[in-house]
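# Structural overview for review
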Amino acid sequence: MTLKIAIPNKGRLSERSVELLSKAGLDIGEDWGRKLYVSVKGRDIEVMLVRAQDIPEFVHSGAIDFGITGLDQVEESGYALENMLNLEFGHCRLSLAVPDGSPVKSGMDIPDGSRIATSFPKITKRFFESIGKKVDVIVISGAAEIMPYLGVADCIVDLVSTGSTLKMNRLREAEVLFRSQAAIVTSSKALREKKEAMLEVTEAIHSVIAAENRKYLMANVPRSMITEVEKFLPGIGGPTVLEIAGNGEMVAVQAVVSYSQLYDAINNLRKIGATGILTLSMERLVE
Ligand code: AMP
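Residues numbered from 1 in each chain as written. Predicted model: local features only at pLDDT ≥ 70, side-chain atom pairs only at ≥ 80, totals over all residues. Heavy atoms only, no water.

What follows deals with the domain arrangement of the protein. As far as domains go, the protein holds domain 1 (3-89 + 181-211), domain 2 (92-180) and domain 3 (214-280). The C-alpha-based centres of domain 2 and domain 3 are spaced at 51 Å. (Domains from an automatic or database assignment.)

Printed below as a string of structure tokens:
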């Protein structure tokens, strides 16, 4: 049975989605940019290239089995999809933003009757209902930041990552409504019918992310220091310790180290007299 996965064909999530698939071993070739769907070479998998915001609908309706999109899009769709894996990119937040000089500190300070421009009407309505505010939601398809300036709206609800676009448009973030990142999402029906095949793809992608966040560290350390090394180089189930031919004093130590711990690990190795310290990037790490 063909497995159908959807990824965004353009926009912020597109390039990284293609990169993750190809690093995971699912080759969709070079000219994917002009196609609606591509068959993965040598596998019974089809990759659909569609808009990020359409993916929740396609997954919900069963037209595709699973897809990569922003969790903001899933939330806005209102469908109860299953999140198989957070992909640790496309981080952003859906926020209420008000003009710079406004005294508004949070949604609670927004007066009834205010006009809110957004391309996320469902999340916005749900938020203001939940805090008992009666506001006028103006649905737009983009460039929300300009709406207060044009006098079309009093404030906006829009996606923010660095905040620089808000600043440029003299807006200030007043409250975060939803925190988002890219994820692999599916439906409970697809999970029942194709769980195993979908897990294979999801785990392959997970292994790419896991490898990117870590380095393979190798060093020669004095044999007498192995217990010391174990304290700061946990590795996966402990560091690998190997004999070095013709050298009774030193042993070779290898371990997978998270990127954030690499700096300290190397310094600690130097302090205990390690030599030949080197780090390698990994392509995939299946835990
Ligand atoms: P796009 O197709 O470029 O409109 O991207 C859509 C998705 O990118 C959004 O639904 C978010 O999940 C994600 N995204 C991440 N950062 C931002 C940002 N600063 N502004 C808009 N979308 C973002």
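This part is about the nonpolar core. One finds Ile28, Leu87 and Ile205 to be the most contacted residues of the largest nonpolar core, which totals 32 residues. Listing elements by their share of this core, those giving two or more residues are strand E1 (3-8), helix H1 (14-23), strand E3 (45-50), strand E4 (66-70), strand E5 (82-86), strand E11 (182-186) and helix H7 (188-212). For this core, the element with the highest residue contribution is H7, accounting for seven residues. Once you skip the residues sitting within four places of it in the chain, isoleucine 28 turns out to touch Ile7, Val18, Leu21, Val38, Val40 and Val47. Of all hydrophobic cores here, the second largest spans 26 residues; its members include Met48, Val50, Ile64 and Val104. (Core = buried A, V, L, I, M, F, W, Y, C linked by side-chain atoms within 4.5 Å. Buried < 20%, exposed > 50% of the residue type's maximum accessible area, 1.4 Å probe, protein only. Helix = DSSP H or I, 4+ residues; strand = E, 2+ residues; numbered from the N terminus. Contact = heavy atoms within 4.5 Å.)

Pairing between strand E7 (residues 115-118) and strand E8 (residues 136-139): four bridges, direction parallel. If you follow isoleucine 116 over to E8, its bridge partner there is valine 137. Between E7 and its parallel partner E8, the chain crosses via helix H4 (residues 121-130), and the hand of that crossover is right-handed. Examined bridge by bridge, E7 and strand E9 (residues 155-160) share three bridges and lie parallel to one another. Pairing of threonine 118 across the sheet is with valine 157, part of E9. (Pairing = 2+ DSSP bridges. Right-handed = clockwise from strand over helix to strand, strands pointing away.)

To continue, consider the sheet that holds strand E14 (residues 247-258). The four strands are arranged E13-E14-E12-E15 in an open sheet whose pairing can be described as antiparallel. Among the strands making up the open sheet, the edge pair consists of strand E13 (240-244) and strand E15 (275-281). Neighbour to neighbour, the strand axes of the sheet diverge by 20° on average, direction disregarded. As paired strands, strand E12 (residues 214-222) and E14 are joined by nine bridges and run antiparallel to one another. Bridged to lysine 215 within E14 is valine 257. (Axes fitted to C-alpha atoms, helices over the stretch in contact; angles between N-to-C directions.)

An order of E2-E3-E1-E4-E11-E5 is seen for the six strands of this open sheet, with the pairing classed as mixed. This sheet does not close on itself; its edge strands, each paired only once, are strand E2 (37-39) and E5. With strand direction ignored, the average angle separating the axes of adjacent strands in the sheet is 25°. The sheet strands contacting H1 are E1, E3 and E4, and the helix crosses E1 at an angle near 145°. H7 contacts E1, E3, E4, E5 and E11 of the sheet and is inclined by roughly 5° relative to E5.

Below, the discussion takes up the site of the ligand. Every residue close to the ligand is listed here: Lys10, Gly11, Arg12, Leu13, Gly70, Asp72, Gln73, Gly90, His91, Cys92, Leu159 and Ser161. Between the ligand and arginine 12 there is a distance of 2.9 Å, counted from an oxygen atom to a backbone nitrogen or oxygen. When the ligand is considered free in solution it has 490 Å² of accessible area, and contact with the protein chains removes 79% of it. Taking a 2 Å distance to the grid points as the criterion, the majority of the atoms of the ligand fall inside the largest pocket. Taken together, the residues that form the shell around the ligand break down as three nonpolar, six polar and three charged. Looking at which domains feed residues into the shell around the ligand, each of domain 1 (3-89 + 181-211) and domain 2 (92-180) gives three or more. (Near = heavy atom within 4 Å. Polar contact = N/O pair within 3.5 Å; in protein donor to acceptor, adjacent residues only side chain to side chain. Areas by Shrake-Rupley, 256 points an atom, 1.4 Å probe, with all protein chains shown as cover. 1 Å grid on protein atoms, 1.4 Å probe; cavity = no way out; pocket = protein on both sides within 12 Å on 5 of 7 lines; lining within 4 Å. Sits in = over half its atoms within 2 Å of the grid points. Nonpolar A, V, L, I, M, F, W, Y, C, P; charged D, E, K, R; others polar.)

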